[in-house]
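Understanding the architecture of this molecule
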Amino acid sequence: MLLEKRFRELLDAAPDAIMQVDAEGRIILLNRVAEDMFGYSRDELMGRPVEALIPQELHARHVEHRAHYRQQPMTRTMGSGLALEAIRKDGSRFPVEISLSPSESAEGFRVTAIIRDTTERRTAEERLRKVQEDYTQRLAEANAELEMTNRELERANRLKSEFLASMSHELRTPLHTIIGFSELLAEKLEGPLNEKQMRFVQHIHKDALHLLELINDVLDISKIEADRLELRPEAFDFTALIAESLASVRSLADAKSHILETTSNVPTAIEADRLRVKQILVNLLSNAIKFTPEGGRIGLEARVQDSFVVVSVSDTGIGIPAEEHESIFEKFHQVGATTKGVREGTGLGLAITKRLVEQHGGRIWVQSKPQQGSTFLFTLPLESAERKNQGA
Amino acid sequence: MKKVLVADDKDTGRELVRTVLEKAGHEVFEASDGEAAVVEALRIQPDLIILDIHMPGLDGFGVIEKLRREAAFLHTPIIALTASAMMGDRERAMAAGFTGYITKPIRLDALRAEVERLLA
């Protein structure tokens, strides 16, 4: 009796429902959890076929399973157990996981079933799945929104560039008249001008040319930002291009009594967009001239190092404080803003120069201290990057 | 004396080119739009045409397309004049049959040189 009491206590202490059925599938043993789980009393279940606890539509199949199990009995643990649906006395259904173990005794074949109600786990899984779905959905929405914002930004950027390009066209048309007629007047082909009239006409002409330069800069930066600036690489004599660039800034340098010095040691032809490289050189040279007080020294040096041309443009000018060595290459940054110096131009020159150098596959940087002059250095690959990519 | 036709919808632009070319000893005719340019060209048979690309209605490309179809204009030098400075514009103009290309604002010496080159 004591043994049976202990056995009963052990059985009822288990967290899962435990049942035993005989060879015919009749319930011959169950614990309290089983009573609670299925909503039957012990008396109601004892001797009933176990199919009473299985939904009607699965009865036939369950009987088959049982017969099969009878022939090939083996222990199925909970982990590899069957995921099934069970039915309570009140007809409600719930998910269960069942593990089976067969035993043969004097009283015949028996199967012990341990049944776990997995409703909570299912709910938790369901909740987790829902959270995941929710999260995925929100992520997709955020992505879509981001994509739309990106597209809008791209569109706005394109419109801005188109606007700038068309503005630049519209601005050049009246400048055509201003520059042309002032040049015509200064040629005095239509009659003489007195000294003062001549000076006035030259003011108009000079500032109109300056305005043209600003418009060209704005157009350049708008093309660069629209990624429409195409390089047209060709092989050319770098030393000749240096001479050409120096010639085009010589009058500016002479006006401020600067000395222009140059050493070029580039024996081979380089492959790059000749006009754009000239633009880089002229930009750096005119900056040097502009930011150097009268009677300064402007030096241009070019040499080959590895597969690059290294060019330096140095001056004896006002210099640039270290904290501005990066920002001077940004748009609309002007050294004149913080250093007492000349303020003219668009503040786009160095930004354009940097983009042109980088588009060629080179880099640009500055070495300078205030009052000790500046040296701008840039590199250009000897061979055009585009050509190299084509494998030619 | 060579005959030069200048087509530009801006009268100031036409006057500028006319003044420069007349000083250089040429006879200048004007047209203020594309259609007028075609009519004038057929009438006067110029030695050189300077065409503004951007004109309302028939633009410079439209004019050159019509003219190049005429046997008389197969080899007439035609200069494109444009205030646009986009890369590729020059190639496009040359492909359309222009023989010269000048951007606005013009530099007078550049205009003179291009005209003399094409009339030589």
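Since this is a predicted model, take the numbers as computed values, not measurements.

Definitions and cut-offs
- Residues numbered from 1 in each chain as written.
- Chains lettered and ligands numbered in written order.
- Predicted model: local features only at pLDDT ≥ 70, side-chain atom pairs only at ≥ 80, totals over all residues.
- Heavy atoms only, no water.
- Helix = DSSP H or I, 4+ residues; strand = E, 2+ residues; numbered from the N terminus.
- Buried < 20%, exposed > 50% of the residue type's maximum accessible area, 1.4 Å probe, protein only.
- Contact = heavy atoms within 4.5 Å.
- Areas by Shrake-Rupley, 256 points an atom, 1.4 Å probe, with all protein chains shown as cover.
- Salt bridge = Lys/Arg side-chain N within 4 Å of Asp/Glu carboxyl O.
- Pairing = 2+ DSSP bridges.
- Axes fitted to C-alpha atoms, helices over the stretch in contact; angles between N-to-C directions.
- Buried area = accessible area lost by both parts, 1.4 Å probe.
- Polar contact = N/O pair within 3.5 Å; in protein donor to acceptor, adjacent residues only side chain to side chain.
- Nonpolar A, V, L, I, M, F, W, Y, C, P; charged D, E, K, R; others polar.
- Parallel < 35°, antiparallel > 145°, perpendicular 65-115°, else oblique.
- Left-handed = near helix turned anticlockwise from the far one by under 90°.
- pLDDT = per-residue confidence, 0-100.
- Phe/Tyr/Trp six-rings, centres within 6.5 Å; stacked < 30°, edge-to-face > 60°.
- Lys NZ or Arg CZ within 6 Å of the ring centre and 35° of its normal.
- Core = buried A, V, L, I, M, F, W, Y, C linked by side-chain atoms within 4.5 Å.

Quick look at the overall build of chain A now. Secondary structure summary: chain A contains 10 helices and 12 strands in total. Looking at chain A as a whole, 40% of its 392 residues qualify as buried. Summarising the internal contacts of chain A: among those between residues at least 6 apart in sequence, 59% fall at separations of at least 24. Total accessible area computed for chain A in this model is approximately 22900 Å², and 54% of it derives from carbon and sulfur atoms.

Moving on: the overall build of chain B. Scanning chain B for helices and strands turns up five helices and five strands. In sequence order, the secondary structure elements of chain B are arranged as β-α-β-α-β-α-β-α-β-α. Taken over 120 residues, chain B has a buried fraction of 53%. Considering only contacts in chain B between residues 6 or more positions apart, those separated by 24 or more positions represent 60%. When the accessible area of chain B is evaluated, it comes to approximately 5300 Å², of which 51% is carbon and sulfur surface.

By the definition in use, this model includes 36 salt bridges over all chains. Here Glu125 of chain A ties to Arg121 of chain A by a salt bridge, and the two come within 3.8 Å at their closest N and O atoms. Of the two residues, Glu125 of chain A and Arg121 of chain A both sit in helix α5 (residues 119-186), four residues apart, roughly one turn of that helix. Residue classification places Glu125 of chain A among the partly exposed residues on the basis of a relative accessible area of 43%. Given a relative accessible area of 41%, Arg121 of chain A falls into the partly exposed group. Each of Arg14, Arg18, Glu22 and Glu30 of chain B takes part in one network of salt bridges that share partners.

Residues and elements named next belong to chain B. In space, the five strands of this open sheet follow the order β2-β1-β3-β4-β5, with parallel pairing throughout. Of all the strands in the sheet, just β2 (27-31) and β5 (100-103) have a single pairing partner and so form its edges. Across the sheet, the mean angle separating the axes of adjacent strands is 20 degrees when strand polarity is ignored.

Taken together, the 25 residues of chain A in the interface contact 23 residues of chain B. A per-residue breakdown of the area chain A buries against chain B is headed by His169, Arg172 and His176 of chain A, which together make up 29% of the total. At the boundary of chain A and chain B, one finds four salt bridges. In this structure, the salt-bridge partner of Glu183 of chain A is Arg107 of chain B, at a minimum N-O distance of 3.1 Å. At the junction of chain A and chain B, the tally comes to eight residue pairs in polar contact (both at pLDDT 80 or more). The set of elements that each furnish at least two residues to the side of chain A that touches chain B consists of α5 and α6 (195-225) of chain A. Counting residues per element, the side of chain A that touches chain B draws most heavily on α5 of chain A, at 12 residues. A breakdown of the residues in the side of chain A that touches chain B according to their chemical character gives nine nonpolar, six polar and 10 charged.

Attention shifts here to the environment of Leu212 of chain A. Within the fold, Leu212 of chain A resides in helix α6. In the structure, Leu212 of chain A is positioned 44 residues away from Ser168 of chain A in sequence and 9.3 Å away in space, judged by C-alpha atoms. Discounting residues that sit within four places of it in the chain, Leu212 of chain A has contacts with Arg172, Leu175 and Ile179 of chain A together with Pro105 of chain B.

On to the packing of α5 of chain A against helix α1 (residues 11-23) of chain B, then. α1 of chain B packs onto α5 of chain A with a crossing angle of 30 degrees between their chain directions and a minimal axis gap of 10 Å. What the angle tells us is that α5 of chain A and α1 of chain B run roughly parallel. At the point where α5 of chain A passes α1 of chain B, the crossing takes the left-handed sense. In contact with His176, Thr177, Gly180, Phe181 and Leu184 of chain A of α5 of chain A, α1 of chain B contributes Thr12, Gly13, Glu15, Leu16, Thr19 and Val20 of chain B. Looking at the contact of α5 of chain A with α1 of chain B, its residues break down into four nonpolar, six polar and one charged.

With that settled, the discussion passes to the confidence of the model for chain A. Per-residue confidence for chain A gives a mean pLDDT of 86, with 91% of residues at or over 70. Every residue in residues 338-342 of chain A scores below 50 in pLDDT, and together they form nine contacts with partners more than four places removed in sequence or on other chains.

The relation between two aromatic rings is expressed through the spacing of the ring centres and the mutual angle of the planes. According to the stated counting rule, one finds three aromatic pairs over all chains in the structure shown. Note on Phe38 of chain A and Phe94 of chain A: the rings are 5.6 Å apart at their centroids and 55 degrees apart in plane angle, and the pair reads as tilted. Residue Phe38 of chain A is located in helix α2 (residues 32-38), and its partner Phe94 of chain A is located in strand β4 (residues 93-105); the two are separated by 56 residues in the primary sequence. The two residues Phe38 of chain A and Phe94 of chain A agree in class, both being buried. It is Arg274 of chain A that lies over the ring of Phe236 of chain A; its NZ or CZ is 5.8 Å from the centre. Positioned above the aromatic ring of Phe61 of chain B, the side-chain terminus of Arg92 of chain B is 4.1 Å from the ring centre.

Here the focus is the sheet that holds strand β12 (residues 374-381) of chain A. All names here are of chain A. Strand order in this open sheet of five strands is β7-β9-β10-β12-β11, and the pairing throughout is mixed. Of all the strands in the sheet, just β7 (259-265) and β11 (364-368) have a single pairing partner and so form its edges. Each adjacent strand pair in this sheet contributes to an overall mean axis angle of 15 degrees, direction not counted. Both strand β10 (residues 308-314) and β12 contribute to a ladder of seven bridges, which runs antiparallel. For Val311, the partnering residue across the bridge sits in β12 and is Phe378. In the packing of helix α7 (residues 238-255) onto the sheet, contacts are made with β7, β9 (297-305), β10 and β12, and the angle to β7 comes to roughly 175 degrees.

Phe238, Ile270 and Phe378 of chain A are the most contacted members of the largest nonpolar core, which has 43 residues in total. Setting aside anything within four residues of it in sequence, one finds Phe238 of chain A in contact with Val266, Ile270, Val277, Ala302, Val309, Val311 and Leu380 of chain A.

Moving on, we come to the packing of helix α8 (residues 274-290) of chain A against helix α9 (residues 349-359) of chain A. All names here are of chain A. Between α8 and α9, the least distance of the axes is 10 Å, while the angle of their chain directions is 145 degrees. Handedness of the crossing formed by α8 with α9: left-handed. Packed against α8, whose contacting residues are Arg276, Gln279, Ile280, Asn283, Leu284 and Asn287, the element α9 presents Gly349, Leu350, Ile352, Thr353, Leu356 and Val357 at the interface.

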